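Coordinates in review
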Protein chains: 2
Amino acid sequence: MRAVDKYKARVEAANSLLCVGLDSDTQELPARFLAGELPQWSFNRHIINATAQYAVAFKINMAFYESEGADGWRQLERTLAYLRERHPDILQICDAKRGDIGNTSAAYARAIFDALGFDAVTLNPYLGRDALQPFLDYEDRACIILCRTSNPGSAALQNLRFGDRPLWRIVAEMVASEWNENGNCMLVASGRDPAEMAQIRAIVGELTLLVPGIGAQGGDVKATVGAGLNREKGGLIINSSRGIIFADDPANAARALRDTINHFRFA
Amino acid sequence: MRAVDKYKARVEAANSLLCVGLDSDTQELPARFLAGELPQWSFNRHIINATAQYAVAFKINMAFYESEGADGWRQLERTLAYLRERHPDILQICDAKRGDIGNTSAAYARAIFDALGFDAVTLNPYLGRDALQPFLDYEDRACIILCRTSNPGSAALQNLRFGDRPLWRIVAEMVASEWNENGNCMLVASGRDPAEMAQIRAIVGELTLLVPGIGAQGGDVKATVGAGLNREKGGLIINSSRGIIFADDPANAARALRDTINHFRFA
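Report on the accompanying structure. Not measured: the values here are computed from a predicted model. Every chain's residues receive numbers from 1 upward, in the order its sequence appears when written. All chains are assigned letters beginning at A, and all ligands numbers beginning at 1, according to the order in which they are written. A pLDDT threshold of at least 70 governs which residues receive local features in this predicted model, and a stricter bar of 80 or more applies before side-chain atom pairs are shown or counted, although totals over entire chains, interfaces and linings include all residues. Water and hydrogen atoms were dropped before computing side-chain values, which therefore reflect all heavy atoms in the structure.

**As for the overall build of chain A**
- Helix and strand assignments come from DSSP, with helices taken as H or I runs of at least 4 residues and strands as E runs of at least 2, each series counted from the N terminus. Helices and strands together make up the secondary structure of chain A, namely twelve helices and ten strands.
- Reported as C-alpha extents along the three principal axes, the dimensions of chain A are approximately 55 × 45 × 35 Å.
- Residues counted as buried form 64% of the 267 residues belonging to chain A.
- Contacts in chain A between residues far apart in sequence, at least 24 positions, make up 72% of those at least 6 positions apart.
- Carbon and sulfur atoms make up 46% of the accessible area of chain A, which amounts to about 9200 Å² in all.
- Under the convention used here, Asp and Glu are negative, Lys and Arg are positive, and both His and the chain ends fall outside the count. To locate a charge, take NZ of a lysine, CZ of an arginine, CG of an aspartate or CD of a glutamate. Between the centroid of the 29 positive side chains of chain A and the centroid of its 32 negative side chains there is a distance of 4 Å. Three labels apply to residues, based on accessible area from a 1.4 Å probe with only protein chains included: buried if under 20% of the type maximum, exposed if over 50%, partly exposed otherwise in between. Should any heavy atoms of two residues lie within 4.5 Å, those residues are considered in contact. Accessible surface is estimated by sampling points in the Shrake-Rupley manner with a 1.4 Å probe; for residues, cover comes only from the protein chains shown.

**Some remarks on helix α10 (residues 221–228) of chain A**
- The complete set of buried residues in α10 of chain A reads V221, T224, V225, A227 and G228 of chain A.
- Residues of α10 of chain A that are buried sit in contact with α9 (194–204), β9 (209–211), β10 (236–240) and α12 (250–265) of chain A.

**Thoughts on the relation of the copies chain A and chain B**
- Alignment of copies: least-squares fit on C-alpha atoms of residues with pLDDT of at least 70 in both copies. It takes a turn of 180° to lay chain A on chain B, together with a shift of 0.0 Å along the axis; the resulting RMSD is 0.0 Å. What we have between these two chains is a two-fold relation.
- Most of the interface of chain A is mirrored in chain B, where 100% of its interface residues are also at the interface.

**Overview of the nonpolar core**
- Here the nonpolar core consists of buried residues drawn from Ala, Val, Leu, Ile, Met, Phe, Trp, Tyr and Cys, with membership extended through side-chain atoms lying within 4.5 Å. Formed by 200 residues in total, the largest nonpolar core has its most connected members in L187 of chain A together with L187 of chain B.
- If we skip the residues at most four places from it in the chain, L187 of chain B touches I144, I145, C147, A172, V175, I200, V204, L207, T208, L209 and L210 of chain B.

**Section: the interface of chain A and chain B**
- With 55 residues of chain A in contact, the opposing surface of chain B contributes 55 residues.
- Buried surface at the junction of chain A and chain B, both sides included, amounts to about 4700 Å², of which 58% is carbon and sulfur.
- Take a side-chain nitrogen of Lys or Arg and a carboxyl oxygen of Asp or Glu: if they are within 4 Å of each other, that pair is a salt bridge. Scanning the region where chain A abuts chain B turns up six salt bridges.
- Put simply, R110 of chain A and D25 of chain B hold a salt bridge, and the shortest N to O gap is 3.2 Å. A quick way to say it: buried area is the sum, across both parts, of accessible area lost when two parts are put together, with a 1.4 Å probe.

Below, the structure written as structure tokens:
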């Protein structure tokens, strides 16, 4: 099944737009997971078991595995194998923000889509379309391209104006009108400014938006959902990482956020 | 020693601006290296032994190791350990083009600077300064920020004009005037257009430029060196990857390019 269809099917099945971010930083894990040989993997299994029923997607942040070297890579592989076996219907997103020249991007695409088997990957548009083409060519996977990010300094480049259009708007237009030839693009769109979210939605039509900035990053669920939904009351992947995985009760935190999102989704 | 000083000392010691790019794609390695358990590592050792005396830096492209999974990571670690032991005076550049929000960038910085021990890393500016700050805070390492890349599609974003200034120019100005507070920034500047290279040099003063696009990517050595040198006849790291490592005689290819660069450098 194509990743974009897998996403839609799971939205229906789990009645959820919630993405759980496995930002499983070894430095932040509860002590009881540190005794074993593969603490990130034990922790992830625990989080997956607690939250899967509420999740449309799991997002795995590569930095927290790369920082553990070859061991981190093994724990990442174990986590993905577990997800494939237990929850093949949940989208697996690789948060890597890759982008490089052609033959290098081809190698990253092999790493992420073939070797690791992710359904989707986050990508950086700064190098232009040809740099991302090796990813875009995987028609059955999703390419989630950075448009507007949620960090405080993101305005420095993303808000620069060409005539009356900020850079983030040009990226949204480019992806929607040109880069999405295979119908497998999505965008990263910050939840910090609902007015921008609404503009992005107007530009991209039904395209799905991955929204960071909920929870730990301070985005507002009501405004995000109100501005970001597409006409099918979907088209959003709303991520929370630390707010769920490091909560006292991750299952409860995931269910609560899934339900809050749905409250505004169907309001 | 700070990476920027290590670079300058090595330019003098080896009389070289040449960077050898270890783009050791397993799919491209000569067959004789594929028999062993760690083909990338055997190949890299061979290339390092052949070319080190001509090199100011080795650039390791993460994609080609990540595509081999945990095994790739081990081969990367072996390569770096070998470089540290045999050639501690040669700059080790991690070509990763990372850039993410703060706590994620902090984890990437730990992976690249602490765990792997690289001297320098390539970074993507799209998210803004705060996203790169965890890297910039390592004062003894170098942060090589993408400004103008050499791929055909790079113009789509990088040549967009804000008033009369293209985006790549704004990035160069931002890095030189703001992001380089610790004196540890460099820029990626394509060798495809000497006029642009000259403009970048004029903006950034003595800052060092990493130049891809020589050899396989078609840049012209004479024009690049003429436009890119700083006042000390240095300030360039001129990379060649496939043109050297997959040459029939890598030592000869490295020496020839080093000498060609020097010919125009001292012309």
